[in-house]
Amino acid sequence: MGKPTGEFVALNVAVMTVSDSRDASNDSSGDYLREALTEAGHQVVDRAIVPDNRYRIRATVSRWIASDDVQVVIVNGGTGFNSKNSTPEALLPLFDREIDGFGELFRMISYEEISSSTLQSRAVAGLANQTLIFAVPGSTNACRSGWERIIEEQLDARTRPCNFVSHLKKL
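Residues numbered from 1 in each chain as written. Predicted model: local features only at pLDDT ≥ 70, side-chain atom pairs only at ≥ 80, totals over all residues. Heavy atoms only, no water.

## Some remarks on the packing of aromatic side chains
Next up, step 1: Applying the stated criterion to the full structure yields two aromatic pairs.
Next up, step 2: Grouping aromatic residues by their ring pairs yields a cluster made of Phe102, Phe106 and Phe134.
Next up, step 3: Note that Arg144 overlies the ring of Tyr32, its terminal NZ or CZ placed 4.9 Å from the centroid. (Phe/Tyr/Trp six-rings, centres within 6.5 Å; stacked < 30°, edge-to-face > 60°. Lys NZ or Arg CZ within 6 Å of the ring centre and 35° of its normal.)

## As for helix H1 (residues 28-40)
Next up, step 1: End to end, H1 covers 18 Å across 13 residues, agreeing with the expected 18 Å (1.5 Å per residue, within 8%).
Next up, step 2: Looking at the residues trailing H1, positive phi occurs at Gly41, about 105°. (Helix = DSSP H or I, 4+ residues; strand = E, 2+ residues; numbered from the N terminus. Expected span 1.5 Å × (residues − 1).)

## Focus on the sheet that holds strand E4 (residues 97-98)
Next up, step 1: Spatial strand order, E2-E1-E3-E6-E5-E4: six strands in an open sheet with mixed pairing. Every other strand in the sheet has two partners, leaving strand E2 (43-50) and E4 as the edge strands with one partner each.
Next up, step 2: Here strand E3 (residues 72-76) pairs with strand E6 (residues 131-136) via five bridges, running parallel. Note on E6: the bridge partner recorded for Ile74 is Phe134.
Next up, step 3: Strand contacts of H1: strand E1 (12-18), E2 and E3, with the helix running at about 170° to E2, the strand carrying the most contacts.
Next up, step 4: In this fold helix H2 (residues 54-66) packs onto E1, E2, E3, strand E5 (124-128) and E6, with an angle of close to 165° to the strand it touches most, E2. (Pairing = 2+ DSSP bridges. Contact = heavy atoms within 4.5 Å. Axes fitted to C-alpha atoms, helices over the stretch in contact; angles between N-to-C directions.)

## Considering the environment of Val75
Next up, step 1: With respect to the helices and strands, Val75 occurs in strand E3.
Next up, step 2: The buried category is assigned to Val75, whose relative accessible area is 0%.
Next up, step 3: Placed 32 residues apart in sequence, Val75 and Gln43 show a C-alpha to C-alpha distance of 16 Å.
Next up, step 4: Once you skip the residues sitting within four places of it in the chain, Val75 turns out to touch Met16, Val18, Val61, Thr87, Leu91, Phe134, Ala135 and Val136. (Buried < 20%, exposed > 50% of the residue type's maximum accessible area, 1.4 Å probe, protein only.)

## Here's the deal with the packing of H1 against helix H5 (residues 140-154)
Next up, step 1: Packing of H1 against H5 brings their axes to within 9 Å, and their N-to-C directions diverge by 25°. The angle between H1 and H5 falls in the class roughly parallel. Crossing of H1 over H5 shows right-handed handedness. Residues Ser28, Ser29, Tyr32, Leu33, Ala36, Leu37 and Ala40 of H1 form the contact with H5, whose participating residues are Thr140, Cys143, Arg144, Trp147, Glu148 and Glu152. (Parallel < 35°, antiparallel > 145°, perpendicular 65-115°, else oblique. Left-handed = near helix turned anticlockwise from the far one by under 90°.)

Encoded structure:
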């Protein structure tokens, strides 16, 4: 990141874990994202663990998109190539605009860590009702890579030459 300029803007973020096996006691990826967001100065205003069902994912994210209090949604899990994984199918119809570069950049970064297996990653991002939505794989390492190498900078109003803060709903 270039030299920060201006003031930091704390954002309201909702975190979703898509999983058929995790719960509050073992959601290490959701815990990591909550801690990383809080350490960065953002507010985690809601959190959910949702089964890998496109309609349940879509319903929860739709509620957050419609909310006046949620500016960013970070979803982890359900992005693999397995036929049961449905996060991209749940989210893509909701986007007003897809952020193609996010998936491309995530897979480039992921290639350094898991080689050609990154082909099966279907990480996506988009903007809906001035709400930024990121979907990353459910492993804690993937969440860490997505956060530290892409998302954190793009949620920081001081990042130059551009970031997503000015595109988000005002609170």
